[in-house]
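Given next are the chains, with one letter for each unit.
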Amino acid sequence: FSVSQYQNAAAAGAGSYDSRFQANYRNPVIDGVSGLFQTATFSLDSRIGKEVEEISRNYFGYGILFVNDRVMNGVMQNNYFTANVAYHIFLDDNLYSHLAGGIGVTYARTSLDNSRLRFGDQYDYRDLLTYASTLENIAAYPKSLSFNAALMYTRHDGKKFLQTGAMVYKYDKPNVTYTPLNKAS
């Protein structure tokens, strides 16, 4: 139900296969209105140095993640592009348990379709030509940069599977207005 790199950056390269593609789409219906909130997530990850893995069993993983979050049928869109790297260390000879640490960087960009916004006299970009009262202070394509770090422990055998982890991040949402009073972080 979720893309693993979205949950934990240390999951990059942690699949059973050499490369893995994951996708998720969410479109909840609220009060019979579809398209109010839509989220699409795509992820691709792989391993580095597969031939070295045969000798040491430990390996690097890398991955990319793209998230498109749309509000009000696309009036506002938030796009997030993340690059993650992780190092996986096996803790036993049978490869049943391993620890992974990962770091990542996210580029976020927001876009707003001003032509579809209507708030009476508070916001109407067409009134700028007539010098009418407006609260036009929306930034064009605001962007930001965020960072994350994560740990993940996995233990499995023929009867059970346990995976737990933690991620810390500096999440900085793009500031969509010019006003100094808006604190988006």
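Throughout this document, residue positions are counted from 1 along each chain, in the order its sequence is written. In view of the model being predicted, local features appear only for residues whose pLDDT reaches at least 70, and side-chain atom pairs are presented and counted only at 80 or more, with totals across whole chains, interfaces and linings using the full set of residues. With hydrogens and water stripped out, all remaining heavy atoms of the structure feed into the side-chain values.

K.L.:
Got a sec to walk through unusual backbone geometry? Specific residues and values, please.
P.N.:
In this structure, Met72 takes a positive phi of about 55 degrees despite not being glycine. Using a 1.4 Å probe on the protein chains alone, a residue whose accessible area is under 20% of its type maximum counts as buried, one over 50% counts as exposed, and one in between counts as partly exposed. You can call Met72 partly exposed: its relative accessible area is 38%. A positive phi angle, near 60 degrees, is found at Leu95, a position not held by glycine. Mapped onto the elements of the fold, Leu95 is located in the loop between strand 4 (76-90) and strand 5 (97-112). Relative accessible area serves as the criterion here: at 31%, Leu95 is assigned to the partly exposed category. A helix here means a DSSP run of H or I that spans at least four residues, while a strand means a run of E at least two residues long, and both kinds are numbered starting from the N terminus.

K.L.:
So what's going on with the side chain of Arg47? Residues and values would help.
P.N.:
Checked against the element boundaries, Arg47 lands in strand 2 (residues 37-48). Pairing of N or O atoms within 3.5 Å defines a polar contact, subject to two protein rules: one partner must be a possible hydrogen donor and the other a possible acceptor, and residues neighboring in sequence count only if both atoms are side-chain atoms. In terms of polar contacts, Arg47 uses its side chain to reach the backbone carbonyl oxygen of Gly13, at 3.4 Å.

K.L.:
Requested: an account of the environment of Pro174, with residues and values cited.
P.N.:
Among the structural elements, Pro174 can be located in the segment after strand 7 (161-170). For the pair formed by Pro174 and Tyr141, sequence separation is 33 residues and the distance between their alpha carbons is 8.8 Å.

K.L.:
Hey, could you go over the sheet that holds strand 1 (residues 19-26) for me, with residue numbers and the actual values?
P.N.:
When DSSP finds two or more bridges between a pair of strands, those strands are recorded as paired. The sheet built from seven strands is open, its strands ordered 1-2-3-4-5-6-7 with antiparallel pairing. Where the open sheet ends on each side, the last strands, each with one partner, are strand 1 and strand 7. On average, adjacent strands in this sheet sit at an angle of 15 degrees to one another, irrespective of strand direction. Note that strand 3 (residues 59-71) and strand 4 share 13 bridges and pair antiparallel. Its bridge partner being in strand 4, Gly61 is matched across the sheet by Ala86. Fitted lines through C-alpha atoms serve as axes, helices being fitted only where they are in contact, and the angles separating the N-to-C directions of these axes extend from 0 to 180 degrees.

K.L.:
Explain the packing of aromatic side chains residue by residue, including any values.
P.N.:
For Phe, Tyr and Trp, rings pair up if their centres lie within 6.5 Å, where Trp contributes its six-membered ring, and each pair is then called stacked (planes under 30 degrees apart), edge-to-face (over 60) or tilted (otherwise). Applying the stated criterion across every chain, the model contains two aromatic pairs. Between Tyr59 and Phe90, the ring centres sit 6.3 Å apart and the planes meet at 45 degrees, which makes this aromatic pair tilted. Of this pair, Tyr59 sits in strand 3 while Phe90 sits in strand 4, and the two are 31 residues apart along the sequence. For Tyr59, a relative accessible area of 3% translates into the label buried. Between Phe60 and Tyr87 the ring centres are 4.7 Å apart and the planes differ by 55 degrees, which places this aromatic pair in the tilted class. With Phe60 in strand 3 and Tyr87 in strand 4, the pair connects residues that are 27 residues apart, well separated along the chain.

K.L.:
Let's hear about the environment of Ala14: which residues, and what values?
P.N.:
Topologically, Ala14 is positioned in the loop between helix 1 (4-7) and strand 1. For Ala14, a relative accessible area of 25% corresponds to the partly exposed category. Ignoring any residue separated from it by four or fewer positions in sequence, one finds Ala14 in contact with Arg20, Asp45, Tyr59, His88 and Met152. Whether two residues are in contact is decided by their heavy atoms, any of which lying within 4.5 Å being enough.

K.L.:
Give me the pattern of salt bridges: which residues, what numbers.
P.N.:
Within this document, salt bridges are pairs made up of a side-chain nitrogen of Lys or Arg and a carboxyl oxygen of Asp or Glu, the two lying within 4 Å of each other. Following the criterion strictly, the structure yields three salt bridges and no others. Arg20 is paired through a salt bridge with Asp45; the nearest N and O atoms lie 2.7 Å apart. Of this pair, Arg20 sits in strand 1 while Asp45 sits in strand 2, and the two are 25 residues apart along the sequence. Grouping residues by exposure puts Arg20 and Asp45 together as buried. In this structure, the salt-bridge partner of Arg155 is Asp92, at a minimum N-O distance of 3.7 Å. Placement of Arg155 in strand 6 (residues 143-156) and of Asp92 in the loop between strand 4 and strand 5 is noted, with a sequence separation of 63 residues between them.

As far as function goes, none of this settles anything; it's purely spatial.
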